[in-house]
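Residue-level structure breakdown
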Amino acid sequence: MAKTCVPISSRSAVVRDLRLWLLRLWRAGILIGIVLLIHSQARWLAAHHRTTISLAKAKKFFPAAYRVRLRDPARGLHYVSDSRDNTLGVLLMTSPETDDIIGYSGPDNLLIALGTDGVVAGVELLGSGDTKKHVQMVMRDPEFLRSFIGWKPGEKPPLIAAVSGATLTSYAIAESLQKRLVGAAASLRFPEPVTLEEAKELFTNAVSMASEGRRWRVLDSNRGTLGFLGRTSPEADNISGYRGPTEALVALAPDAQTITGVRLRKSYDTESYVNQVRSDQEFSRMFVGQKIDSLASHDYRRERIEGLSGATLTARAVAQGIQKRFAGDTDAPPSRPKWRPEARDWGAAAIVAGACLMAFTRFRGRRWARIAWQTVLIGYVGFTSGDLLSLSLLGGWASNGPALKAAPGLVLIAGAAFLLPLLTRRQVYCHQICPHGAAQQWLGAVGRRFGRRVAVVKSGAGIVRYLDHLPIVLLAFALAALVLGWPISLVNLEAFDAWSWRAAGWISVTIAAVGLIASMFIPQAYCRYGCPTGALLNFVRSPGLADRWSARDWMAMAVAGATALTVWGTRVVPQQLEPEQPSTTLRGQAMGSSWTVKIRDEIADPAGVQRTIAERFEWAEQMTSHWRSNTDLSLFNRTQSTEPVSVPWPVVTLARWSAEISRLTDGAFDITVGPVVKLWGFGPAPRRDSPPSDAELKAIRPAVGWPKLEILDGQLRKRHPALEIDLSAIAAGWAIDQVAEKLLRGGHTNFLIEAGGELRASGVWTIGIEHPSRACTLTNESIGTSGTYRQNFKYQGREYSHLIDPRTARPITHDTVSVSVRASDCAHADAWGAALNVMGAANGFPLAERLGLSTQFVVRKPNGDLEVRTTQWWDKPKRIPTPGKIP
């Protein structure tokens, strides 16, 4: 049978087409990679340059302002007070909660002032990722921001008139204000944050809370949802009972609709009446089982409230507050109506369709069709819609994400501009959509008619040789500005801003004028020698000789590599981004070690702050210490009973967290290892200079093992009478967390706490880690380090580590010298550092990678040198899932 042969020319065509498509995909991949790097760097730079609310800013809205304090970190509320500590109002920023709302090319950050009545007293723009000209047009409108003054969150928002020429930007600002205020409406009468202890009164098994707008999701030890918690302020602030308002907490079932309980909080009413309502169980039961959407139909005057003799007005006020809170429930922030294409979006779609018609049909060769289409581009795209692609727009989208919601038509144009050249080898945008290109063609025709066209100098001759590279130089400069965070407006690098004549800057107008005049003498002069956006779009196009790998591909690879190295370099030394401020240092003793707290905020009473910190450390030690003989934990350790024993909630919470880490590490972390630690001489008992015998270890092993400790609701139970608990590996970190929460509630936002080698930072702090010495920058996070180079003893030439492996009841023997762990809270950083150090790098490193932990291992190599190994999350920490903050 004769074989079918494929002609060599056909095979060559297939190979050529395959190479062409691989080249196109490579170029598209390079662009996507650079965009992702820009986006990642923009998020990182924003986090490290977060605007703070200073006293000077507060005085703009409250002239008598004397102090600004962050009293509600969960909602970002800064309370402003005068010299007598009287509250004047509240300040809050829209970022980062509204960073997902994109106007023309980026989000905005606004400062909002609320008066003592909860009404908007003022608005100021702090910063914007949007195009400068659009932001300026909005800020020049005297009525736009002023229209929000007098609005009270929770009520119908003001009617917003978009600013002509900056519609997308003005809508985004208005939406950001509404979203932020609805989720963080402040109460000046009841400013105290809701605590976990209060949640436990309504949800017995509560371990943590997660803020969700104006309510909290209450979680159990397995991160399961027990229900939701809402507060009646600020709706109840002006509903008086006998002589003042009362705030209540309302518990909702996991469906977020059914009420399961009510508890009264702070009140300005007569104390005896409030206590009477608190103690009356029938009052709370009246709400249990009701749906929040049916509360408005109830008349509590007729439903047993009158039976609360002497406290009728108080009870009625609480009920009305609950009604008002949920009748106008605004958990879902208001937004613009469901998206529908606007006239501008249909216009953009029509432009793309017309451009394809001109590019891929015979109309392209007909003069009348070209002139008519160019007239449409100049008249509609240029002077009416303004939907031009530019470096400023594309850079903003790369940093913040495309404006899919605000400008879908513009996104469609951008998609066509990049995809059509990649798929068809034709530059559709530059030739058939850009009005600036159309204007140059018109002027070129005028120049030809009057004989003013000149021959283009051959490539490589004179100044043209340098002008050929100008678009690439401008493109590289724009990329550097985006990656390094330079405060430069990219609109000044191009001519396109001139088409928005109402807000055009003189630089853009000058570039546009020079380019258009030059096009009368040199065809498409600006497109050829001045347009960086065109150079970017041409990168994915592959006509003629561009089908091959060329110098531009080598250049693109070099640019991508340089961008990646720049991103990595700025994050290795982030401390250079912000100069360190002078700090106040406080010191003391606690938990068998020393503590140091550095505070960069202004401190009016350092002695008082020192006393507060010392008292908090003392309280934490009293709760968790097994060294002290009079603590509840020591009493639990001494009892031989296997019945449930009530212990303080911190002990139960830390035991529950520890059990989870024990499970994940197969017992490498175990708080019941205390008897073994004491036997080796590392506990509260006297130290020893020789290891225990095998018989001693065998005798004590039955009393050790984390599964032998049963954790109940508010109680612990031993499954072996000799079992003991040692919280040393987690308690120090937890104590630091308690001090941090205390400082935050006191209005301090920039501090560093160290105790026993564990640290927690609020703000940006650069710290050192020893053995080997190295630096690390903490940003609102904690770090815990566990090392094997201290507290050891030698016997017969052998060194025994103080770290005991609970699984073997013997000191660790591997070559891991230390492990550092970064996490959002210090308790988990402390515990995971100890757990992973017991496991060693061989087993701990893979576990840390699998769990997404931010860790750094130091391992001693056979030649004695130290090697530092980090998981992929070290420079971009992935927060360890924790049960939340404990008050």
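Residues numbered from 1 in each chain as written. Predicted model: local features only at pLDDT ≥ 70, side-chain atom pairs only at ≥ 80, totals over all residues. Heavy atoms only, no water.

**Things to note about the nonpolar core**
Quick reminder of the rule: Remark: nonpolar core denotes a set of buried residues (Ala, Val, Leu, Ile, Met, Phe, Trp, Tyr, Cys) joined through side-chain atoms within 4.5 Å. Only protein chains enter the accessibility calculation, which uses a 1.4 Å probe. A residue is then buried if its area is under 20% of the maximum for its type, exposed if over 50%, and partly exposed in between. Starting at the N terminus, helices and strands are each numbered in turn, a helix being any DSSP run of H or I of at least four residues and a strand any DSSP run of E of at least two. We call two residues in contact whenever any of their non-hydrogen atoms come within 4.5 Å of each other.
Membership of the largest hydrophobic core comes to 60 residues, with the highest contact counts inside it found for I613, F617, I725, L743, I753 and L836. Broken down by element, the residue count for this core peaks at 13 residues, all from helix α27 (residues 826-851). The residues contacting I613, other than those within four sequence positions of it, are L586, W595, V597, V739 and L743.

**So, the sheet that holds strand β9 (residues 246-252)**
Filter applied, for reference: Any two strands with at least two DSSP bridges between them are considered paired. Convention adopted: a line fitted to C-alpha atoms gives each axis, helices being fitted over their contacting stretch, and angles between N-to-C directions are expressed from 0 to 180 degrees.
What the five strands build is an open sheet, ordered β6-β7-β8-β9-β10; its pairing is antiparallel. Two strands close off the open sheet at either side, each with one partner strand: β6 (208-212) and β10 (259-267). For this sheet, the mean angle separating the axes of adjacent strands, direction not counted, is 25°. Relative to strand β8 (residues 225-231), strand β7 (residues 215-219) runs antiparallel, the two being bridged by five bridges. Bridging across to β8, R215 finds its partner in G230. Against the sheet, helix α6 (residues 271-279) makes contact with β9 and β10, and its axis sits at roughly 165° relative to β10, the strand it touches most.

**Concerning the environment of E197**
The topology assignment puts E197 in helix α5 (residues 196-202). In this structure E197 comes out as partly exposed when scored by relative accessible area, which is 33%. Along the primary structure E197 and S208 are separated by eleven residues, whereas in three dimensions their C-alpha atoms are 9.7 Å apart.

**Looking at the packing of helix α11 (residues 391-400) against helix α16 (residues 470-484)**
Note the threshold: Left-handed describes a crossing whose near helix is turned anticlockwise from the far helix through less than a right angle; right-handed describes the clockwise counterpart. In this count, Pro and Cys sit with the nonpolar residues alongside Ala, Val, Leu, Ile, Met, Phe, Trp and Tyr, while Asp, Glu, Lys and Arg are called charged and the others, Gly among them, polar.
Contact pair α11 / α16: the axes reach a minimum separation of 11 Å and the direction vectors enclose 35°. Pair α11 / α16 crosses with right-handed handedness. Here L391, G395 and S399 of α11 lie close against α16, whose contacting residues are L474, L475, A478 and L482. For the contact of α11 with α16, a count of residues per class yields five nonpolar, two polar and no charged.

**Observations concerning the pairing of strand β4 (residues 108-115)**
Within β4, eight of the eight residues are buried, which leaves it mostly tucked inside the rest of the structure. Of the two faces of β4, the one carrying D108, L110, I112 and L114 and the one carrying N109, L111, A113 and G115 are both buried. Relative to β4, strand β3 (residues 87-93) runs antiparallel, the two sharing five bridges. Opposite L92, over in β4, you have I112 as the bridge partner. Count of turn residues in the β4/strand β5 (residues 120-128) antiparallel hairpin: four residues, of which G118 carries a positive phi of about 80°.

**Looking at the packing of aromatic side chains**
Remark: the centre distance and the inter-plane angle together describe each pair of aromatic rings, the angle taken between the planes. For clarity, the cut-off: Centres within 6.5 Å are what make two rings of Phe, Tyr or Trp a pair, Trp counting through its six-membered ring; a difference in plane orientation under 30 degrees is then read as stacked, over 60 as edge-to-face, and the rest as tilted. Any Lys NZ or Arg CZ found within 6 Å of a ring centre and within 35 degrees of that ring's normal is scored as a charge over the ring.
Within this structure, the stated rule accounts for ten aromatic pairs. When the ring of W619 is compared with that of W649, the centres are 6.3 Å apart and the planes differ by 45°; the resulting orientation is tilted. Here W619 is found in helix α21 (residues 606-624), whereas its partner W649 is found in helix α23 (residues 649-664), with 30 residues between them in sequence. Classification of W649 by relative accessible area gives partly exposed; the value is 21%. The ring of F363 has R366 lying over it, and the distance from NZ or CZ to the ring centre is 5.7 Å. Stacked on the ring of W765, the Lys or Arg R600 has its end atom at 3.5 Å from the ring centre.

**Here's the deal with the packing of α23 against α27**
Our working rule: An angle below 35 degrees is treated as roughly parallel, one above 145 as roughly antiparallel, one from 65 to 115 as roughly perpendicular, and anything else as oblique.
Viewed as axis vectors pointing N to C, α23 and α27 meet at an angle of 10°, and their least axial separation amounts to 10 Å. Taken together, the axes of α23 and α27 lie roughly parallel to each other. Here W657, I661 and L664 of α23 come into contact with α27, specifically with A827, H828, A831, W832, A835, L847 and L851. Broken down by class, the residue content of the contact of α23 with α27 amounts to nine nonpolar, one polar and no charged.

**Description of the environment of D815**
Following the sequence through the fold, D815 ends up in the loop between β24 (810-811) and β25 (816-823). As for D815 and P862, which are separated by 47 residues in sequence, their C-alpha atoms are 8.9 Å apart. The contacts of D815, once residues within four sequence positions are left out, are V858, V859 and R860.

**Looking at the confidence of the model for the chain**
Worth spelling out the cut-off: Values of pLDDT, which run from 0 to 100, indicate the predictor's confidence residue by residue.
Taken over all residues, the pLDDT of the chain has a mean of 79, while the share at 70 or more is 83%. Confidence drops under a pLDDT of 50 for residues 572-580, and excluding neighbours within four residues, the segment shows 14 contacts in the predicted structure.

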